[in-house]
Amino acid sequence: MVNIVINNYCNQKCPYCFAYENMKNKELKKDMDLWTYIKILHFLKKNKETEVRILWWEPTISPNIRKFLKIANKWWFDIIIFSNINIDNQRLKDIFKWFNWIRINCNINDKKFYNEKQLKNIDENIETLNKLWLKTIIWYNITNIKQKPNFIFSLAKKHNISAINLKITNSSLWWKLIIDNSSKELWEYIFETIEKYHKDFFIEISCWLDKNIFSEKQLKYIEKNTRLNLKFWCNWNIWKFEINTDWSIFKCYPLKKLFKDKSLDINQILKNNTKIEDIINSLNNKFKCNWECTSNKMIKKSEK
């Protein structure tokens, strides 16, 4: 799995954002050019990849987004886009019309993050995605365990969205620990959410799930009663990497300071006919996390 970063700017300021340094970097290309994008698709085709995954920081405000979608479509790729969908409704329609096979991962925050106009806009945009027959999934970033995710599930229910991804993004920041991903309180919060909603929704949990947090009783309940496929530590992203606008390749953006390989870029890879599995193996040799998320661990150590 390869994630493509097509632009380095955003229209929101989320409290858990891990892209601040990336977006303020004046040396980094703000938009991926067409030729770089085509090279990346060529690389994916050569490696028999079937997906184009477009993400970060907010791809729907990129001037190239519809052009990039058309190219990926002509090359018969399955397309996944990660978006906060907090954009003008007409622009959303202009981007996605006639692209009803695309999957949209909608990153939605707590209700209090938005003003009334934004809430109305997001509601309208989800309705538009449904009318365009796009596959819509809600991704929710857990940042406050005192804030129950009722808004997310009520929003999903209103728009007949069955899939919810609970994402633990707290460890992404290098300068602040929002939530300790090994804390008992966090995992009680997650188990209670699973227990409450699993019958009505397909729930997934992204990376940094600590295998030692759930009790044996809780694990048995999840295995017996839910469709949740538990994956622990870095197993969610052990088989992926990202390509940035400047052709650089890195493993897991929150940890790119530790695990960026400066020797890798898309031109060199195409020239050497490098295979995806070789890149993954090279990056994973530097990316070993056997118990706790490395980023989470380092932040706690720096705060002592």
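Heads up: these notes are all about the structure in this document. Bear in mind the structure is a predicted one, so any value in this text is a computation, not a measurement. (Residues numbered from 1 in each chain as written. Predicted model: local features only at pLDDT ≥ 70, side-chain atom pairs only at ≥ 80, totals over all residues. Heavy atoms only, no water.)

### A closer look at the overall build of the protein
So, point 1. When its secondary structure is counted, the protein shows 12 helices and nine strands.
So, point 2. When the 304 residues of the protein are sorted by exposure, 53% land in the buried category.
So, point 3. If you take every contact in the protein between residues at least 6 apart in sequence, the share linking residues at least 24 apart comes to 75%.
So, point 4. In the structure as shown, the protein presents an accessible area of about 15500 Å², 52% of it carried by carbon and sulfur atoms. (Helix = DSSP H or I, 4+ residues; strand = E, 2+ residues; numbered from the N terminus. Buried < 20%, exposed > 50% of the residue type's maximum accessible area, 1.4 Å probe, protein only. Contact = heavy atoms within 4.5 Å. Areas by Shrake-Rupley, 256 points an atom, 1.4 Å probe, with all protein chains shown as cover.)

### Description of the pairing of strand 6 (residues 163-167)
So, point 1. Among the five residues in strand 6, five count as buried, and that is most of the element.
So, point 2. Residues Ala163, Asn165 and Lys167 of strand 6 are buried on one face, and the alternating residues Ile164 and Leu166, pointing to the opposite face, are buried as well.
So, point 3. One ladder, built from four bridges, connects strand 5 (residues 135-141) with strand 6; its direction is parallel. In the sheet register, Trp139 faces strand 6, and the bridge partner there is Asn165.
So, point 4. Each parallel crossover has a hand, and the one from strand 5 via helix 6 (residues 150-158) to strand 6 is right-handed.
So, point 5. As defined by bridge partners, strand 6 adjoins strand 7 (residues 202-205) across four bridges and the pair is classed as parallel. The partner of Ile164 across the bridge, within strand 7, is Ile203. (Pairing = 2+ DSSP bridges. Right-handed = clockwise from strand over helix to strand, strands pointing away.)

### Thoughts on the sheet that holds strand 2 (residues 51-55)
So, point 1. Overall, mixed pairing links the nine strands, which are arranged 7-6-5-4-3-2-1-8-9 in an open sheet. Taken across any chain shown, the strands that pair with only one partner, and hence form the sheet edges, are strand 7 and strand 9 (249-250).
So, point 2. Bridge count between strand 4 (residues 103-108) and strand 5: six bridges; the pairing is parallel. Looking at strand 5, one finds that Ile108 is bridged to Tyr140.
So, point 3. This element, helix 3 (residues 65-74), spans strand 2 and strand 3 (78-83) of the sheet and lies at about 155 degrees to strand 3. (Axes fitted to C-alpha atoms, helices over the stretch in contact; angles between N-to-C directions.)

### A look at the packing of helix 4 (residues 89-96) against helix 5 (residues 116-131)
So, point 1. Where helix 4 meets helix 5, the closest approach of the two axes is 10 Å, and the angle between their N-to-C directions is 25 degrees. Here helix 4 lies roughly parallel to helix 5, going by the angle between them. Between helix 4 and helix 5 lies a crossing whose hand is right-handed. Taking contact as the criterion, the partners of Asn89, Leu92, Lys93 and Phe96 in helix 4 are, on helix 5, Asn121, Glu124, Asn125, Thr128 and Leu129.
So, point 2. Residues that form the contact of helix 4 with helix 5 fall into these classes: three nonpolar, four polar and two charged. (Parallel < 35°, antiparallel > 145°, perpendicular 65-115°, else oblique. Left-handed = near helix turned anticlockwise from the far one by under 90°. Nonpolar A, V, L, I, M, F, W, Y, C, P; charged D, E, K, R; others polar.)

### Looking at the pattern of salt bridges
So, point 1. Within the structure shown, the criterion is met by five salt bridges.
So, point 2. Residue Arg53 pairs with Glu51 through a salt bridge whose shortest N-O separation is 3.8 Å.
So, point 3. By relative accessible area, Arg53 is classed as buried at 10%.
So, point 4. Taking the relative accessible area as the measure of exposure, Glu51 reaches 30% and is therefore partly exposed. (Salt bridge = Lys/Arg side-chain N within 4 Å of Asp/Glu carboxyl O.)

### Focus: the environment of Asn181
So, point 1. Here Asn181 shows up in the loop between strand 6 and helix 7 (184-197).
So, point 2. Distance from Asn181 to Asp210, taken between C-alpha atoms, is 7.4 Å for residues 29 residues apart in sequence.

### Re the nonpolar core
Nonpolar side chains tend to gather and get buried jointly when the protein is soluble and globular.
So, point 1. Ranked by size, the top nonpolar core spans 72 residues in total, and within it Tyr37, Leu44, Leu69, Phe96, Ile108, Ile190 and Phe241 carry the most contacts.
So, point 2. Among the elements that take part in this core, helix 7 stands out by supplying seven residues, more than any other.
So, point 3. Leaving out residues up to four positions away in the same chain, Leu44 has contacts with Val2, Ile4, Glu49, Glu51, Val52, Phe77 and Ile276.
So, point 4. Counting residues in hydrophobic clusters, the runner-up holds 11 residues, among them Ala19, Trp56, Trp57 and Ile137. (Core = buried A, V, L, I, M, F, W, Y, C linked by side-chain atoms within 4.5 Å.)

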